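Here's the letter readout for the chains.
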Amino acid sequence: LFEAAYSKSLGYLDTLLGDARVASRVPVISCHQYVPNDKAMRQWGMRAQQNRKELWMSEWGDWKQLANDPETQEAHAFGYVGKILQAINVMHAQAWCMWQAQYLFAAEKDRLVRRKTYWAVAHFSRFIRPGMTRIELLAAPLQGTAWLDQKGHRLVLVLANPGDQAQTA
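All of these numbers come straight from a predicted model, not from anything done at the bench.

K.L.:
Break down the pairing of strand 2 (residues 28-32) for me, with residues and values.
P.N.:
Buried residues dominate strand 2, accounting for 5 of its 5 residues. Alternating residues of strand 2 divide into V28, S30 and H32 and I29 and C31, and every residue in both groups is buried. Of the strand pairs in this sheet, strand 1 (residues 2-4) and strand 2 are connected by 3 bridges, and their pairing is parallel. Bridge pairing in strand 2 places F2 opposite I29. Pairing between strand 2 and strand 3 (residues 54-59): 5 bridges, direction parallel. Each residue of the ladder has a partner; that of C31, found in strand 3, is M57.

Structure, rendered in structure tokens:
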């Protein structure tokens, strides 16, 4: 596993993968998603494709204050949706790993309560399963991703409406 935090690590990645002995021992390239730049995300995706490696997004955290009011939680959930879609659609990551579960739950007395971010992430992890094939989705004005489950003979869509008006897909 090669893991790096920023796009500046691409030169180091190129050096490592340029050595056949090292490249054969690196099955997965893993990148943090703190750089919001689509250009950097595309570069990671291209490196993985060129070197026939899996690409995972392994770390991203949202350090905003987590208020429990519905409006803040909704904005926070859509932030997660945007990051997951960027990793899938721009970076072409095969996995999006949760960095800090505290952003999915609120501690209330002696129990954890699911935040709206939990449900946003759950839609991706529940419906998009290993072995599915991603296909291009043209769903403007909706945001989303589309997958084929050839074993189950089904099409899986995870869509988000970033606006405040109802939309149809």
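Still to come is the rest of the account.
K.L.:
Quick rundown of helix 1 (residues 10-17)? Include the residues and the values.
P.N.:
What sets the pattern is the α-helix's 3.6 residues per turn: residues three or four places apart point alike. Among all positions in helix 1, only L10, L13 and L17 are buried. One side of helix 1 carries all its buried residues, which in axial view fall inside an arc of 55°. Away from its buried face, by an angle of more than 90 degrees, helix 1 presents the exposed residues Y12 and T15. As for helix 1, its buried residues are in contact with strand 1, helix 2 (20-23), strand 2 and helix 3 (38-50).

K.L.:
Run through the pattern of salt bridges, naming residues and quoting values.
P.N.:
In a structure, side chains of opposite charge can pair up when their charged atoms sit close to one another. Tallied over the full model, the rule gives 5 salt bridges. Taking the shortest distance from any N to any O, the salt bridge between R47 and D14 comes out at 2.7 Å. Residue R47 is found in helix 3, and its partner D14 is found in helix 1; the two are separated by 33 residues along the sequence. The class for R47 is buried, based on a relative accessible area of 17%. On the basis of relative accessible area, D14 is assigned to the partly exposed category, the value being 34%. The partner of R154 in a salt bridge is D149, with the nearest N and O atoms 2.9 Å apart. When its relative accessible area of 15% is taken as the criterion, D149 is described as buried.

K.L.:
An account of the packing of helix 1 against helix 3 is needed here, citing residue identities and associated values.
P.N.:
Relative to each other, helix 1 and helix 3 sit at 5°, their axes nearing to 11 Å. On the basis of the axis angle, helix 1 is roughly parallel to helix 3. Contacts between helix 1 and helix 3 involve L10, L13 and D14 on the former and, on the latter, Q43, W44 and R47. Considering only residue class, the contact of helix 1 with helix 3 consists of 3 nonpolar, 1 polar and 2 charged.

K.L.:
An account of the packing of aromatic side chains is needed here, citing residue identities and associated values.
P.N.:
Taken as a whole and assessed by the stated rule, the structure comprises 3 aromatic pairs. Aromatic pair F105 and Y118: ring centres 5.4 Å apart, planes at 50°, arrangement tilted. Of this pair, F105 sits in strand 5 (residues 105-108) while Y118 is found in helix 5 (residues 116-127), placing the two residues 13 residues apart along the sequence. The exposure class assigned to F105 is partly exposed, which follows from its relative accessible area of 25%. Of the residues examined, Y118 reaches a relative accessible area of 21% and is grouped as partly exposed. Judged by centre distance (4.8 Å) and plane angle (90°), the ring pair of Y118 and W119 falls under edge-to-face. The exposure class assigned to W119 is partly exposed, which follows from its relative accessible area of 44%. An aromatic cluster is defined as three or more aromatic residues linked by ring pairs; in this entry it consists of F105, Y118 and W119.

Rules behind the numbers
- Residues numbered from 1 in each chain as written.
- Predicted model: local features only at pLDDT ≥ 70, side-chain atom pairs only at ≥ 80, totals over all residues.
- Heavy atoms only, no water.
- Buried < 20%, exposed > 50% of the residue type's maximum accessible area, 1.4 Å probe, protein only.
- Helix = DSSP H or I, 4+ residues; strand = E, 2+ residues; numbered from the N terminus.
- Pairing = 2+ DSSP bridges.
- Arc of directions from axis to C-beta.
- Contact = heavy atoms within 4.5 Å.
- Salt bridge = Lys/Arg side-chain N within 4 Å of Asp/Glu carboxyl O.
- Axes fitted to C-alpha atoms, helices over the stretch in contact; angles between N-to-C directions.
- Parallel < 35°, antiparallel > 145°, perpendicular 65-115°, else oblique.
- Nonpolar A, V, L, I, M, F, W, Y, C, P; charged D, E, K, R; others polar.
- Phe/Tyr/Trp six-rings, centres within 6.5 Å; stacked < 30°, edge-to-face > 60°.

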